[in-house]
Amino acid sequence: MKPVNVGICGLGTVGGGTFNVLTENAQDIARRAGREIVITQVGARRDNPACDTSNTTVSRDIFDVARNPDIDIVVELIGGYDVAKELVMLAIENGKHVVTANKALIAVHGDEIFAAAEARGVSVMYEAAVAGGIPIIKALREGLAANQVNWLAGIINGTGNFILTEMRDKGRDFDDVLKEAQELGYAEADPTFDVEGIDAAHKLTILASIAYGIPLQFERCFTEGISKITRDDVEFAEELGYRIKHLGVSRKSANGIDLRVHPTLIPESRPIAKVDGVLNAVTVNGNAVGDTLYVGAGAGAGPTASAVVADIVDLARCIDVDASARVNHLAFNQVDDVEVLSMDDVETAYYLRIPVQDKTGVLASIASILSERGINIEAIIQKEPKEGETLAQIILLTHKIVERTMNDAIKAIEALESTVGEVTRIRAEHMD
Ligand code: HSE
């Protein structure tokens, strides 16, 4: 059978990893795909010393790859929005299939890109865009196709998980761990994307679309980062039997779909609570299958290349079949315009840490604010002032309540004379 010709654009961490996996595993890959997969061209502004490109045409202009009539599949690994979009659109226009690891591109421009690809009869594959080496896109689009998905939740940013784990286990500083994540090639070019949850929001947007068959709605995703998590919160959460993870959560209810990324308390008995370091994990609950859990490396050259190359193999297997026989880009042939809920309408449980003056009646006034609003307390801890300090801390865990009501309760608690400073609120999920 005729070989499939691949052009790789971008030879950084992921591009270099893809080049090396395709080269080193060429024999097995050809046996799996049923044909040879050849790297015909590389488009990269600079060489990667980890890759031996001496037998490959290298072009400094990535657009040469999208224009090359010999190329069947353009692999976009340059990242970012604008140039990447231009490259992908040109490749599609020229009738090439596309494989990308670019979550930002898919989450923001995916609907437009998929429409262009469908009009041209080509496919855009994006397994590497979510959770690095974990084949979660394949699992959701194909393996779980029998199910109505009720909810999914995931640790989908390796850098953030690495930072939280190192801070908790080794008491290391936030900045120091972030620097190490950058050196290891985990972090985004702009690391605020990792710590402020934007990267996870891109990935969650994609997961929710293929779980429920809804358009990509990145702009509706609620995002809160991990930079305000303190060691106290980590310790108090543990005392209550919980771990804090930076979670992307999406749930389908009668009111709509929620789409949110925020630090989250998870009962430590849940398997996902024990997923540490740069590992990612996604739990999906389907109405037929129940709970499923997928764990693996979420970032780095090898794991991400594993997902990129799997997409290339998938395309190579069905490159000669009619486009209508391929799995739809968003897993559903009909996309439903279901509303993503505003955060005010989302229901979750809460952890509250309230800095208070140490005097009589403080706990009673907080409890009455909560009970007046129908907020049920699940657990409570009071911490005496630390040596040399005057403030006590009240830590509460509540049952589920709608966010709007909790906002109102927090406002009332902060207005109490006995409350000193802001209330820390961390959402909690029991994953049931
Ligand atoms: N910066 C991302 C992470 C890379 O840390 O998970 C993989 O998307």
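Residues numbered from 1 in each chain as written. Predicted model: local features only at pLDDT ≥ 70, side-chain atom pairs only at ≥ 80, totals over all residues. Heavy atoms only, no water.

Here the focus is the environment of Asn407. For Asn407, the position within the fold is in helix H14 (residues 403-415). Asn407 sits in the partly exposed class, given a relative accessible area of 26%. Taking the C-alpha atoms as reference, Asn407 lies 8.4 Å from Asp344; in sequence the two are 63 residues apart. Leave out the neighbours within four places in its chain, and Asn407 touches Asp344 and Arg425. (Helix = DSSP H or I, 4+ residues; strand = E, 2+ residues; numbered from the N terminus. Buried < 20%, exposed > 50% of the residue type's maximum accessible area, 1.4 Å probe, protein only. Contact = heavy atoms within 4.5 Å.)

Okay, the side chain of Arg260 next. Mapped onto the elements, Arg260 comes out in strand S10 (residues 256-267). Judged by its relative accessible area of 0%, Arg260 is buried. Side-chain polar atoms of Arg260 contact the side chain of Asp258, separated by 2.7 Å. Of the polar contacts made by the side chain of Arg260, one reaches the side chain of His262; its length is 3.0 Å. If sequence neighbours within four positions are ignored, Arg260 has contacts with Leu204, Cys221, Phe222, Leu247, Gly248, Val249, Arg251, Met343, Val346, Glu347, Thr348 and Glu429. (Polar contact = N/O pair within 3.5 Å; in protein donor to acceptor, adjacent residues only side chain to side chain.)

With that out of the way, let us pick up the sheet that holds strand S2 (residues 37-43). Taken together, the six strands give an open sheet; going across it, the order is S3-S2-S1-S4-S5-S6, and neighbouring strands pair in parallel fashion. Both edges of this open sheet fall to strand S3 (57-59) and strand S6 (124-125), since each of them pairs with a single strand only. Summarising the sheet, strand S1 (residues 4-9) and strand S4 (residues 73-76) pair through four bridges and their orientation is parallel. Pairing of Ile8 across the sheet is with Val75, part of S4. Of the strands in this sheet, S1, S2, S4, strand S5 (97-100) and S6 are in contact with helix H12 (residues 301-317), which crosses S5 at around 160°. (Pairing = 2+ DSSP bridges. Axes fitted to C-alpha atoms, helices over the stretch in contact; angles between N-to-C directions.)

Here the focus is the site of the ligand. Around the ligand, a shell composed of Lys103, Asn157, Gly158, Thr159, Tyr186, Ala187, Glu188, Asp194, Asp199, Lys203, Gly298 and Ala299 is seen. Side-chain polar atom of Thr159 to an oxygen atom of the ligand: 2.6 Å apart, as the coordinates give it. One of the side-chain N or O atoms of Asp194 is found 2.7 Å from a nitrogen atom in the ligand. The fraction of the free accessible surface of the ligand (250 Å²) that becomes covered by protein chains is 93%. Secondary structure elements with two or more residues in the shell around the ligand: helix H7 (158-170) and helix H10 (198-212). For the shell around the ligand, the residue count by class is three nonpolar, four polar and five charged. (Near = heavy atom within 4 Å. Areas by Shrake-Rupley, 256 points an atom, 1.4 Å probe, with all protein chains shown as cover. Nonpolar A, V, L, I, M, F, W, Y, C, P; charged D, E, K, R; others polar.)

Okay, the nonpolar core next. Core analysis: the biggest nonpolar cluster contains 55 residues, and Tyr126, Ile136, Leu140, Ile206, Leu207 and Val284 have the highest contact counts within it. Looking at this core, the elements that each hand over two or more residues are helix H3 (63-67), helix H4 (82-93), helix H5 (103-120), helix H6 (136-143), strand S7 (149-155), H10, S10 and strand S11 (279-286). Both of domain 1 (4-133 + 301-325) and domain 2 (136-297) provide at least three residues apiece to this core. Not counting chain neighbours up to four residues away, the residues in contact with Leu207 comprise Val130, Ile136, Ile137, Leu140, Leu152, Ile156 and Val282. (Core = buried A, V, L, I, M, F, W, Y, C linked by side-chain atoms within 4.5 Å. Domains from an automatic or database assignment.)

A few words now on the packing of helix H13 (residues 362-372) against H14. Any two packed helices are characterised by the angle at which their axes cross and by the distance between the axes. Their axes nearest at 10 Å, the elements H13 and H14 cross at an angle of 155°. The orientation of H13 relative to H14 falls into the category roughly antiparallel. Read as a crossing pair, H13 and H14 show a hand that is right-handed. Contacts between H13 and H14 involve Ile366, Ile369 and Leu370 on the former and, on the latter, Ala409, Ala412 and Ile413. Taken together, the residues that form the contact of H13 with H14 break down as six nonpolar, no polar and no charged. (Parallel < 35°, antiparallel > 145°, perpendicular 65-115°, else oblique. Left-handed = near helix turned anticlockwise from the far one by under 90°.)

This part is about the pairing of S5. Alternating residues of S5 divide into His97 and Val99 and Val98 and Thr100, and every residue in both groups is buried. Alignment of S4 against S5, held across four bridges, turns out to be parallel. Paired with Val75 across the bridge in S5 is Val99. For the handedness criterion, the β-α-β arrangement of S4, H4 and S5 is classed as right-handed. Pairing of S5 with S6, which is carried by two bridges, proceeds in the parallel orientation. The partner of Val98 across the bridge, within S6, is Val124. A crossover links S5 with its parallel partner S6, the connecting element being H5, and its sense is right-handed. (Right-handed = clockwise from strand over helix to strand, strands pointing away.)

Moving on to the pattern of salt bridges. What the rule picks out here adds up to 36 salt bridges. Residue Arg260 is joined to Glu429 by a salt bridge in which the shortest nitrogen-to-oxygen separation is 2.9 Å. Taken as a pair, Arg260 in strand S10 and Glu429 in the segment after strand S17 (424-428) lie far apart in primary sequence, 169 residues in all. A residue is classified by how much of its surface remains accessible, and Glu429, at 4% relative accessible area, is buried. Within the structure, one salt-bridge network assembled from shared partners comprises Arg168, Asp169, Glu238, Arg243, Lys245 and Asp276. (Salt bridge = Lys/Arg side-chain N within 4 Å of Asp/Glu carboxyl O.)

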